[in-house]
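A structural walkthrough
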Amino acid sequence: MAPVIEALDLHRTYKTTTGTFRRRSLEVEAVRGVSFEIGEGELFGLLGPNGAGKTTTIKMLITLLIPTAGSARVLGRDVVDHAMWVRQRIGYVFGGDRGLYERLSAWDNLRYFAELYGVEPRRQKARLEELLDLVGLRGRERERVEGYSRGMRQRLHIARGLLHDPPVLFLDEPTLGVDPVGARELRAMISSLKDAGKTVLLTTHYMFEADTLCDRIAVVARGRIVAEGTPRELKASVASGSVVEVEVYGIEDDAVERLRSIEGVTAVTVEPRDHAQVVIVQAAPGHEPAQEVLARLDGVSVGRVSSREPTLEDAYVALVTDAPATQ
Amino acid sequence: MRRALRAVVLGGALHFKQESRNPFFLWIVICTPLVYATMAYFLFRGGQDDATLVTASLGSALMGIWSLTTTAAASTLGRQRRVGILELLVAAPTPFWLTIVPITLALAALGVYSLATGLIYVTVLFGVPVTIANPFAFCVSVLPMILSMGMLGFLFCAAFVRFRSSWMVGNLFEFPVWTLSGMLIPIAVLPVWVEPISWFVAPTWGMSALREAALGNASPWDDIGMCIALSVVYAAAGGALLRVFLRSALRRGTLALS
């Protein structure tokens, strides 16, 4: 079966300038050769840190950016040559509280976009009511959007993206900034979209979200895909390694660098936790770095030390940390 | 054709609603004509007849409409770019010009408040006898005037779409159009070579139509015809320019600020 979404060696470079009097031109490579395929009815996740190139990739797929090199197809059509055809068949939802007419009601927002998406005038009222029920905004649709919470705005975005009942949906960090309860409701909604047979491309930097929702995940770092597979496969890729967590009180960058240079260490991250910090050291299979880690933390005030099995988050951190800055 | 018309009418109505709830725009609509009308009154009152004062009052009111159309269109598109609406409009399967035309038309229509405010102001405060000789023609002339300003704004909007910081240059378009269309000062007092240029500025004909309808010296219908014809030309030129600039924006990635 032909893939619904195809990215073939996509590249995107932005040109920018710096300086006031001596202006210099800079080129920023946001996406450096991204390729993947998504089958019908699949929920595919692009997972990566901020600035990894997820949004740029999605914007090329939804016809908002022309690739510098490479190509992309949605439902078999090239997104540059058949942009209008593609737009009729895709829905786009982005995260955050942007993208809405603030001084208009939810009903007015949806009505305008229903018109722009070619929903038949006589079907518009029924379709809007149906979607307001789906996203749980029935009864609040006549209120101005400026009074909506972030979660309500996000649900309105999803309703807007579904107006023309597109077979393909692009969700760009849809739970960004939403509280845990709202995020859980949104995840349930996204899951129901997959159950309804939609093909979904989801970008997120929340590990848990990707693990819960996605059939397959591509981890993106510095503009490249550094790993691709099911959540289970990605976990398995680091399951044979080990992780040491050390509680410290005030650690300098040079100490972290010393840990990175230990043989077999694949990633070192520092997370704040209450009044302390936790240094998470990941090691490749066959390496037990605990002793060496403590030796190299000489002079640093150390608290609790523990060792554990790697999680999907560890896999993600290792992949993202290992990604080369340049080819 | 029907869908295009619906998109323009519905889009225009919603943008009118959205922008008329913007206190900043309402401030422009109500206050700028007061300032312009005051300046026009004191410029033209000395030794001039009532007709000149009426023309100056009309001109100052129309200056307010154009100010709103150009500065507000630039700032509206800047805001839409900032909040991500511009991208959503481009991503919709409707020709992009059908989403921009309603914005500039709505803003020009919002400027009707300026016309009313300006005329009431000079009548009440300065006692200028603004009597309309041909009320029907005057009311009819307002529509092509709004159309012409909306379409001229649309022509400039192509640049606003392409360049991220173009919202700043909205004001630059104010003065040339005021001058070339005879809103600020009569075209007759400008250098001779300016007059042929003014023929290609649709609000010139709109201004002329309103003046003739108000003073009753000549028929405004030819002016109305010219105003509409030039508006159509602006629409076509703006559409073509927008297509080119949109392509450039997609290539350079300037549709969003992020």
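Residues numbered from 1 in each chain as written. Chains lettered and ligands numbered in written order. Predicted model: local features only at pLDDT ≥ 70, side-chain atom pairs only at ≥ 80, totals over all residues.

**Focus: the overall build of chain B**
Secondary structure assignment for chain B yields 11 helices and zero strands. N-terminal to C-terminal, the α/β element order of chain B is α-α-α-α-α-α-α-α-α-α-α. When the backbone C-alpha atoms are referred to their principal axes, chain B occupies close to 60 × 35 × 35 Å. Taken across its 258 residues, chain B has 53% of its residues classed as buried. If you take every contact in chain B between residues at least 6 apart in sequence, the share linking residues at least 24 apart comes to 81%. (Helix = DSSP H or I, 4+ residues; strand = E, 2+ residues; numbered from the N terminus. Buried ≥ 20, exposed ≤ 12 C-beta atoms within 10 Å, placed from the backbone. Contact = placed C-beta atoms within 7 Å.)

**Some words on the domain arrangement of chain A**
Each assigned domain of chain A is listed with its residue range as follows: domain 1 (5–235) and domain 2 (242–309). Between the C-alpha centres of domain 1 of chain A and domain 2 of chain A the distance comes to 37 Å. (Domains from an automatic or database assignment.)

**Observations regarding the packing of helix H3 (residues 106–116) of chain A against helix H5 (residues 150–162) of chain A**
Residues and elements named next belong to chain A. Two numbers describe how H3 lies on H5: the axes approach to 9 Å, and their chain directions differ by 25 degrees. With respect to H5, the axis of H3 lies roughly parallel. In the packing of H3 onto H5, the handedness of the crossing is right-handed. Listed contacts from H5 to Ala106, Asn109, Leu110 and Phe113 of H3 are Leu156, Ala159 and Arg160. Class assignment for the residues of the contact of H3 with H5 results in five nonpolar, one polar and one charged. (Axes fitted to C-alpha atoms, helices over the stretch in contact; angles between N-to-C directions. Parallel < 35°, antiparallel > 145°, perpendicular 65-115°, else oblique. Left-handed = near helix turned anticlockwise from the far one by under 90°. Nonpolar A, V, L, I, M, F, W, Y, C, P; charged D, E, K, R; others polar.)

**A few points about the sheet that holds strand S14 (residues 302–308) of chain A**
Residue and element names in this part refer to chain A. Ordered in space as S12-S13-S11-S14, the four strands form an open sheet in which the pairing is antiparallel. Looking at which strands have only one partner, the edges of the open sheet turn out to be strand S12 (265–273) and S14. Neighbour-to-neighbour, the strand axes of the sheet open up by a mean angle of 15 degrees, direction not taken into account. This element, helix H9 (residues 253–260), spans S12 and strand S13 (276–283) of the sheet and lies at about 150 degrees to S12. (Pairing = 2+ DSSP bridges.)

**A short note on the pairing of S13(A)**
Residues and elements named next belong to chain A. Where strand S11 (residues 242–248) meets S13, seven bridges bridge the pair, whose relative direction is antiparallel. Paired with glutamate 245 across the strands is isoleucine 280, a residue of S13. Pairing of S12 with S13 involves eight bridges; the strand directions are antiparallel. The residue bridging valine 265 from the neighbouring strand is alanine 283, located in S13. Hairpin geometry of S12 and S13 is characterised by an intervening segment of two residues between the two adjacent antiparallel strands and by a positive phi of about 50 degrees at aspartate 274.

**Notes on the sheet that holds strand S6 (residues 90–94) of chain A**
Residues and elements named next belong to chain A. Pairing within the open sheet is mixed, and its six strands lie in the order S6-S7-S8-S3-S9-S10. Of all strands in the sheet, those with a lone pairing partner are S6 and strand S10 (224–229), marking the two edges. Strand after strand, the sheet turns through a mean of 15 degrees between neighbouring axes, direction not considered. Summarising the sheet, strand S3 (residues 43–47) and strand S8 (residues 199–204) pair through five bridges and their orientation is parallel. In the strand pairing of S8, glycine 45 is matched with leucine 202. Packing of H5 onto the sheet brings it into contact with S6 and strand S7 (168–172), and relative to S6 it is tilted by some 165 degrees.

**Looking at the interface of chain A and chain B**
With 23 residues of chain A at the interface, the matching set in chain B holds 24 residues. Counting only elements with at least two residues in the side of chain A that touches chain B, the list comes to helix H2 (83–89), S6 and H3 of chain A. Along the lines of polarity and charge, the residues of the side of chain A that touches chain B split into 14 nonpolar, four polar and five charged.

**Here we look at helix H5 (residues 97–110) of chain B**
In this model H5(B) runs 20 Å from its N-terminal to its C-terminal C-alpha over 14 residues, within 8% of the 20 Å that 1.5 Å per residue would give. Counting buried residues in H5(B) gives 14 out of 14 residues, a clear majority hidden from the surface. (Expected span 1.5 Å × (residues − 1).)

**Quick notes on helix H11 (residues 221–252) of chain B**
One turn of the α-helix equals 3.6 residues, which is why residues spaced by three or four share an orientation. All names here are of chain B. Taking 1.5 Å as the rise per residue, H11 with 32 residues should run 46 Å; its terminal C-alpha atoms sit 45 Å apart, in good agreement. Of the residues making up H11, those classed as buried are Asp223, Ile224, Cys227, Leu230, Ser231, Tyr234, Gly238, Leu241, Leu242, Phe245 and Ala249. Two residues or fewer after H11 comes glycine 253, characterised by a positive phi angle close to 70 degrees.

**A look at the confidence of the model for chain B**
Overall, the predicted model of chain B reaches an average pLDDT of 83, with 96% of residues at or above 70. The ipTM assigned to the predicted complex is 0.84, against a pTM of 0.82. (pLDDT = per-residue confidence, 0-100.)

**What about the nonpolar core?**
Ranked by size, the top nonpolar core spans 174 residues in total, and within it A:Leu61, A:Ala159, A:Phe170, A:Leu201, A:Val219 and B:Cys157 carry the most contacts. Counting the residues that make up this core, at least three belong to each of domain 1 (5–235) and domain 2 (242–309) of chain A. Not counting chain neighbours up to four residues away, the residues in contact with A:Phe170 comprise A:Ile58, A:Leu61, A:Ile62, A:Ile90, A:Tyr92 and A:Leu201. (Core = buried A, V, L, I, M, F, W, Y, C linked by C-beta atoms within 7 Å.)

**Remarks on the environment of B:Val194**
All names here are of chain B. Among the secondary structure elements, valine 194 is positioned in helix H9 (residues 194–198). Overall, the presence of 13 C-beta atoms within 10 Å leaves valine 194 in the partly exposed class. Residues valine 194 and threonine 179, 15 residues apart in the sequence, show an inter-C-alpha distance of 9.5 Å.

**Focus on unusual backbone geometry**
Excluding glycine, a negative phi dihedral is what most residues carry, and trans is how most peptide bonds are arranged. All names here are of chain A. Even without being glycine, aspartate 9 reaches a positive phi, approximately 50 degrees. Relative to the helices and strands, aspartate 9 is located in strand S1 (residues 5–18). You can call aspartate 9 partly exposed: it has 14 C-beta atoms within 10 Å. Its identity is not glycine, yet aspartate 165 carries a phi of approximately 50 degrees, on the positive side. The topology assignment puts aspartate 165 in the loop between H5 and S7.

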